[in-house]
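Reading the structure
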Amino acid sequence: MVQELVLNNGVTMPALGLGVFQSPPEETAAAVETALKAGYRHVDTAAAYRNERQVGEGLRRSGLPRDEVFIETKVWVSDYGYDETLHAFDKATRKLGVDRLDLLILHQPATDRFERTIAAYKALEKLLSDGRVRAIGVSNFMRAHLDELLARTDIVPAVNQIELHPYFAQPDVQKADAEHGILTQAWSPIGGITFYPGWGEERRNVLQDPTIATIATAHGKTPAQVMLRWQLQHGRSAIPKSTNPGRIAENFDVFDFELTTDQMAQIDALDTGVRNGPDPDVPRPAMFDMVIPED
């Protein structure tokens, strides 16, 4: 089963996708092939992940027709600007080995160079009007970023991909997205960022939360499956990442149970309001200036 979501331009997108953030290039092609054979039909990558080429290789290895897999990627900040972003599309499609992208989004608002962000988004609008992408969007945009973008561009983003898990649900951003018909897509949907090595040992691991564990036991499921089910029942897209074949399959096995209203509310109540990933309002010039290779 593949649960579909309808974007604001009528394009349908599988709600659950495979994420490949921090997936080593040498493991990415196999992970994508494994996921597609397990039933996934949506893969999320990014220029900054340095594994677009391997995503394309995994797609070809799967033997699936191109039009059966929804491919989403992101433009990195160093390629912002109108002409630069048009060229970023060329780089991405060349690496992926495809002619058209299903969803192309801006990776960061990049508040220290927002004029370039606006120009980059206008390039996305051009790619959409030319039929080279089927939908466009943004990532890590907060309400204020969305307000300025919408005031200065013509097409409402189809998707806003943000950090979203039970410990950090970003209700105001979700509300802003809903007000404009933008689909909220969760990165770190099972709270992976709460336990990545080197990201702060003081962080609480959402996978070990006792409330989620109790709900998981009641359904004979894992905490990760419960969190993904919570995302889907809220009408969001989620892109869990893994290169482990067992976990890839586990993360897709979430369509045969349903959380109760009370269980959904219990998980909603876990929100701490504490961000674990980078703050989109804080410029990171050294990171933003990272050059994306041509090939």
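Residue positions within a chain follow its written sequence, with the count starting from 1. Local features in a predicted model are, by the rule used here, given only for residues with pLDDT of at least 70; side-chain atom pairs are given and counted only at 80 or more, and totals for whole chains, interfaces and linings are based on all residues. The side-chain values count all of the structure's non-hydrogen atoms but skip hydrogen atoms and water molecules.

**Description of the nonpolar core**
Side-chain atoms within 4.5 Å are what join buried Ala, Val, Leu, Ile, Met, Phe, Trp, Tyr and Cys residues into a set we call a nonpolar core. Only protein chains enter the calculation, and the probe is 1.4 Å; a residue is then buried if its accessible area is under 20% of its type maximum, exposed if over 50%, and partly exposed in between. Counting 87 residues, the largest nonpolar core has Leu7, Leu101, Leu104, Leu124 and Leu259 as its most contacted members. Considering each element in turn, this core owes the most residues, seven residues, to helix H4 (residues 114-129). Non-local contacts of Leu104, meaning those with residues more than four positions away in its chain, are made with Thr73, Lys74, Val75, Phe89, Leu124, Leu127, Val133, Ala135, Ile136 and Gly137. Every helix listed is a DSSP run of H or I at least four residues long, and every strand listed is a run of E at least two residues long, numbered separately from the N terminus. By definition, residues are in contact when any of their heavy atoms lie within 4.5 Å.

**Structural notes on the packing of helix H7 (residues 210-219) against helix H10 (residues 261-268)**
Viewed as axis vectors pointing N to C, H7 and H10 meet at an angle of 155°, and their least axial separation amounts to 10 Å. Classified by the angle between their axes, H7 and H10 sit roughly antiparallel to one another. Crossing of H7 over H10 shows left-handed handedness. Packed against H7, whose contacting residues are Thr211, Ile215, Ala218 and His219, the element H10 presents Gln263, Gln266 and Ile267 at the interface. Lines are fitted to the C-alpha atoms to define the axes, a helix being fitted only along its stretch in contact, and any angle between axes, read from their N-to-C directions, falls within 0 to 180 degrees. Any angle that is under 35 degrees is reported as roughly parallel, and any over 145 degrees as roughly antiparallel; angles of 65 to 115 degrees are reported as roughly perpendicular and all others as oblique. Note on convention: the crossing is left-handed when the near helix lies turned anticlockwise from the far helix by less than a right angle, right-handed when the turn is clockwise.

**Some thoughts on the packing of aromatic side chains**
Geometry of an aromatic ring pair is reported as the spacing of the ring centres plus the angle between the planes. Pairing of aromatic side chains here covers Phe, Tyr and the six-membered ring of Trp, requires ring centres within 6.5 Å, and sorts the geometry by plane angle: under 30 degrees stacked, over 60 edge-to-face, intermediate tilted. Tallied over the full model, the rule gives five aromatic pairs. Put simply, the rings of Tyr40, Phe252 and Phe255 pair up and form one aromatic cluster. Look at NZ for Lys and CZ for Arg. If either is within 6 Å of the ring centre and within 35 degrees of the ring normal, a charge sits over the ring. Positioned above the aromatic ring of Tyr167, the side-chain terminus of Arg204 is 4.3 Å from the ring centre. Here the basic side chain of Arg236 rests over the ring of Trp230, its NZ or CZ set 4.6 Å away from the ring centre.

**Quick look at the pattern of salt bridges**
One side-chain nitrogen of Lys or Arg within 4 Å of one carboxyl oxygen of Asp or Glu is enough to make a salt bridge. Enumeration over the complete set of coordinates arrives at 22 salt bridges. Here Lys126 ties to Asp130 by a salt bridge, and the two come within 3.3 Å at their closest N and O atoms. With a relative accessible area of 35%, Lys126 lands in the partly exposed category. Across the pair Asp172 and Arg143 runs a salt bridge, and its minimum N-O distance is 3.1 Å. A residue pair is termed long-range when its members are at least 10 positions apart, and Asp172 in helix H6 (residues 171-179) and Arg143 in helix H5 (residues 143-152) qualify at 29 residues. On the basis of relative accessibility, which here comes to 22%, the residue Arg143 falls in the partly exposed class. One connected set of salt bridges, linked through shared partners, spans Glu33, Lys37, Glu57 and Arg61.

**Topic: the environment of Pro157**
Mapped onto the secondary structure, Pro157 falls in the loop between H5 and strand E8 (159-163). Residue classification places Pro157 among the buried positions, given a relative accessible area of 0%. Considering only alpha carbons, one finds Pro157 and Tyr121, 36 residues apart in sequence, at a separation of 9.2 Å.

**Things to note about the sheet that holds E8**
Taken together, eight strands build an open sheet; the order of strands is E3-E4-E5-E6-E7-E8-E9-E10 and the sheet is parallel. What marks the edges here is a single partner per strand, and that holds for strand E3 (18-19) and strand E10 (237-238). Strand pairing is defined by DSSP finding a minimum of two bridges between the two strands. Strand direction decides the pairing type here: strand E5 (residues 70-75) and strand E6 (residues 103-106), joined by four bridges, are parallel. Bridged to Val75 within E6 is Leu106.

**Looking at H4**
To estimate the expected span of a helix, subtract one from its residue number and multiply by 1.5 Å. Here H4 contains 16 residues, and its C-alpha end-to-end distance of 23 Å stays within 8% of the 22 Å for a straight helix at 1.5 Å per residue. Buried residues of H4: Phe114, Thr117, Ile118, Ala120, Tyr121, Ala123, Leu124, Glu125 and Leu127, and no others. The secondary structure elements touched by the buried residues of H4 are E5, helix H3 (82-96), E6, strand E7 (136-139) and H5. Once H4 ends, the next one or two residues include Gly131, with phi positive near 80°.

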